[in-house]
Amino acid sequence: MTSKLMNGQLLPQFSKRCSFCKLRKISTAPQILSIELIKVQQPSFLLIRSCSNYSSNVIEREPSDPITEIVTDSSEQTDNSHSTPVKRFLDEVKLRAELSGKLEKVRVKHVGHNKNMEVEVNRNYSTPLDVARHLGRNYVTLSAVALLNASKVVDMNQAISEKENVTLQFVWFKNQQQQDPHLANKTLWNTCSLLSGAVLGDIFKETIKVIPHLSTPDLTATEGAFGFEFELVKTDSDEDDRLNWTASQSELSFVNRKLRSFIYSKPDIYGLDCGLKSAEKVLGADSSNLAVAKHILSHFGDSVNHKVRLYLCGGSPSSPSSAIHLHPGPLLPNVHLVGQMEITAVYPLGCTGLNGASLHRIEGVALPSVLHAHHWPWTVLTSAAREDALSRQTLMPPNSIESFAEWYKNECKWRNNSVV
């Protein structure tokens, strides 16, 4: 501890060093702050920024309708010269909202959680989230996913498309009816996998291009980690544009800070069912996800109702952390149910992806916000995930189009015939 003369008074000073960007912060009793920058060597791949970009004092948004926010954001974008998949996704949602025809009514009976209620909603427009708003705030904030007729799994913000009257049940992480939490845990795992893939676009320098590949279907909650595969390529080198990057501890700390900042920004999570033409319009003709979508529809078209499901993670077309992913779901309606989350490993798979670039995998663990873990068990959980990642690097092969398409078909079949 040192002292500093200020206004004729000798005040105590306390010096502490930020472990992330090596900023020494000097604070005094009247909360006077001076910052001294210490030059450090930054990781070669990542775009390190100051701690001011990761302030926890983030203005939280109130929960709102994802469709309303998406359409509003899309209407503000008038420049089509730099169209991105996110921009085209928002335009497609806006177009479908404008082309909605005559509204048909369907009666929904809520069951479970010691409360019975019937509501009449608009078919192909109203969602389980709209029904939850009639029941109470807890149903809006605690529901992870919904069940129609006790068998079909739907996202909370997915439109109800049944033609006849249906029963609706909300699945929570914790409830009073001893409900199996497997479905809610699976939804959390899927969401965290796509969130880790969405944040990749904003952690590398401009000379490094990130090409999202596919989520890792073999990594489930029982495996102790979620995963997402992506490709890395250098854009400023003509000799060797492939990278083999294994993240160090300091680089993992930076990625986790960036991930937490992304989650604090309350990104939108919204799904859209697309046929082949719509998928090509949103993803682009040269997208690797489009090649996967074509394979799924050509081989398993009847099993997936001739549609694939695209998810938006982000919401702003100008944000590098916004991304469109091909995934069967289900996903959480927003990130307020995501609690503790940490990236535990990033490593190369020793092969090339669909675009010919070096393929990597990012892994992590997470808990829902309603189940907070103490520091010690959380450390045990993350340490075990790091140790298992070393074996998965050599034993678990990367995704192929065929294996992902087969998994996608099985997941769609499970969503339509799930029994919880």
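Residues numbered from 1 in each chain as written. Predicted model: local features only at pLDDT ≥ 70, side-chain atom pairs only at ≥ 80, totals over all residues. Heavy atoms only, no water.

Visitor: I tried to follow the overall build of the chain on my own but got confused; where do I start?
Guide: Across its full length, the chain holds 10 helices and 16 strands. For the chain, with 420 residues in total, the buried portion stands at 48%. Residue pairs at least 24 apart in sequence account for 68% of intrachain contacts in the chain once pairs closer than 6 positions are excluded. About 21000 Å² of surface is accessible on the chain, with carbon and sulfur atoms providing 49% of the total. (Helix = DSSP H or I, 4+ residues; strand = E, 2+ residues; numbered from the N terminus. Buried < 20%, exposed > 50% of the residue type's maximum accessible area, 1.4 Å probe, protein only. Contact = heavy atoms within 4.5 Å. Areas by Shrake-Rupley, 256 points an atom, 1.4 Å probe, with all protein chains shown as cover.)

Visitor: Would you take a moment to explain the sheet that holds strand S16 (residues 358–368) for this structure?
Guide: As a general point, the strands of a sheet are linked pairwise by backbone hydrogen bonds and lie either parallel or antiparallel. Taken in spatial order, the 4 strands make up an open sheet running S10-S11-S16-S15, and their pairing is antiparallel. Two strands bound the open sheet, and with one partner strand each, they are strand S10 (208–215) and strand S15 (338–352). Adjacent strand axes in the sheet meet at a mean angle of 25° when their direction is disregarded. When S15 meets S16, the two strands line up antiparallel, connected through 9 bridges. Looking at the pairing, Tyr-347 lines up with Arg-361 of S16. Running at roughly 15° to strand S11 (residues 226–234), helix H5 (residues 182–198) makes contact with S10, S11, S15 and S16 of the sheet. (Pairing = 2+ DSSP bridges. Axes fitted to C-alpha atoms, helices over the stretch in contact; angles between N-to-C directions.)

Visitor: I tried to follow the packing of aromatic side chains on my own but got confused; where do I start?
Guide: For the structure shown, the criterion picks out 6 aromatic pairs. Taken together, a centroid distance of 5.6 Å and an interplanar angle of 90° make the contact between Trp-189 and Phe-226 edge-to-face. In this pair, Trp-189 sits in helix H5 while Phe-226 sits in strand S11, placing the two residues 37 residues apart along the sequence. Between Phe-404 and Tyr-408, the aromatic rings sit 6.5 Å apart at their centres with planes inclined by 40°, giving tilted as the arrangement. Linking Phe-404 with Tyr-408, this pair stays in helix H10 (residues 401–416), spanning 4 residues, or about one helical turn. Through a chain of ring-to-ring contacts, the aromatic side chains of Tyr-139, Phe-170 and Trp-172 assemble into a single cluster. Over the ring of Trp-414 we find Lys-186, and its NZ or CZ is 5.0 Å from the ring centre. (Phe/Tyr/Trp six-rings, centres within 6.5 Å; stacked < 30°, edge-to-face > 60°. Lys NZ or Arg CZ within 6 Å of the ring centre and 35° of its normal.)

Visitor: What should I look at first to understand the packing of helix H2 (residues 85–98) against helix H7 (residues 276–283) in this one?
Guide: One way to put it is that H2 packs onto H7 with a least axis distance of 7 Å and a crossing angle of 135°. Comparing the axis directions of H2 and H7 gives the class oblique. Of the residues in H7, those in contact with Pro-85, Arg-88, Phe-89, Glu-92, Leu-95 and Arg-96 of H2 are Ser-278, Lys-281, Val-282 and Leu-283. When grouped by side-chain class, the residues that make up the contact of H2 with H7 number 5 nonpolar, 1 polar and 4 charged. (Parallel < 35°, antiparallel > 145°, perpendicular 65-115°, else oblique. Nonpolar A, V, L, I, M, F, W, Y, C, P; charged D, E, K, R; others polar.)

Visitor: Teacher, can you tell me more about the sheet that holds strand S13 (residues 308–314) here?
Guide: Taken together, 3 strands build an open sheet; the order of strands is S12-S13-S14 and the sheet is antiparallel. Here the strands that pair on one side only, and so sit at the sheet edges, are strand S12 (268–274) and strand S14 (323–326). Adjacent strand axes in the sheet meet at a mean angle of 25° when their direction is disregarded. Where S13 meets S14, 4 bridges bridge the pair, whose relative direction is antiparallel. Paired with Leu-312 across the two strands is Ile-324, which belongs to S14. Running at roughly 135° to S14, H5 makes contact with S12, S13 and S14 of the sheet. With respect to the sheet, H7 is in contact with S12, S13 and S14, its orientation differing from that of S13 by roughly 25°.

Visitor: Explain the packing of H7 against helix H8 (residues 288–300) to me, please; I cannot follow it from the model alone.
Guide: Any two packed helices are characterised by how steeply their axes cross, that is the angle between the axes, and by the distance between the axes. Across the interface, H7 lies against H8 with an axial gap of 10 Å and an inter-helix angle of 170°. Taken together, the axes of H7 and H8 are roughly antiparallel relative to one another. Every residue of H8 that contacts H7 at Leu-276, Ala-279, Glu-280 and Leu-283 is listed here: Asn-289, Leu-290, Lys-294 and Leu-297.

Visitor: What's the story with the nonpolar core in this structure? I'm lost.
Guide: Across soluble globular proteins, nonpolar side chains have a tendency to be buried as a group. Counting 47 residues, the largest nonpolar core has Val-338 and Met-341 as its most contacted members. At the level of elements, strand S7 (143–148), H5, S10, S11, helix H6 (249–264), S13, S15 and S16 are the ones that each hand at least two residues to this core. Per-element tally for this core: the top contributor is H5, with 8 residues. Once residues lying within four places of it in the same chain are set aside, the contact partners of Met-341 are Cys-192, Leu-195, Ser-196, Phe-226, Leu-259, Arg-260, Ile-263, Val-365, Ala-366 and Trp-378. (Core = buried A, V, L, I, M, F, W, Y, C linked by side-chain atoms within 4.5 Å.)

Visitor: How should H6 be read in this particular structure?
Guide: Its 16 residues give H6 an end-to-end C-alpha distance of 23 Å, which sits within 8% of 22 Å, the value for a rise of 1.5 Å per residue. Listed as buried for H6 are Glu-251, Leu-252, Phe-254, Val-255, Asn-256, Lys-258, Leu-259, Phe-262 and Ile-263. On its buried face, H6 is in contact with H5, S13, S15 and S16. One or two positions beyond H6, positive phi appears at Lys-266, with a value near 55°. (Expected span 1.5 Å × (residues − 1).)

Visitor: Help me understand the side chain of Asn-157 in this model?
Guide: Assignment of secondary structure puts Asn-157 in the loop between strand S8 (152–154) and strand S9 (166–172). At 3.0 Å, the side chain of Asn-157 forms a polar contact with the backbone oxygen of Ile-269. (Polar contact = N/O pair within 3.5 Å; in protein donor to acceptor, adjacent residues only side chain to side chain.)

Visitor: Explain the environment of Gly-329 to me, please; I cannot follow it from the model alone.
Guide: Of note, Gly-329 is situated in the loop between S14 and S15. Here Gly-329 falls in the buried class, since its relative accessible area comes to 0%. Sequence separation between Gly-329 and Thr-187 is 142 residues, and the spatial gap between their C-alpha atoms is 7.3 Å.

Visitor: Just to check I follow, could you spell out the pairing of S12 for this structure?
Guide: Looking down a regular strand, the side chains alternate between one sheet face and the other. S12 sits mainly inside the fold: 6 of its 7 residues count as buried. As paired elements, S12 and S13 share 7 bridges and run antiparallel to each other. Residue Leu-272 lies in a different strand from S13, and its bridge partner there is Leu-310.

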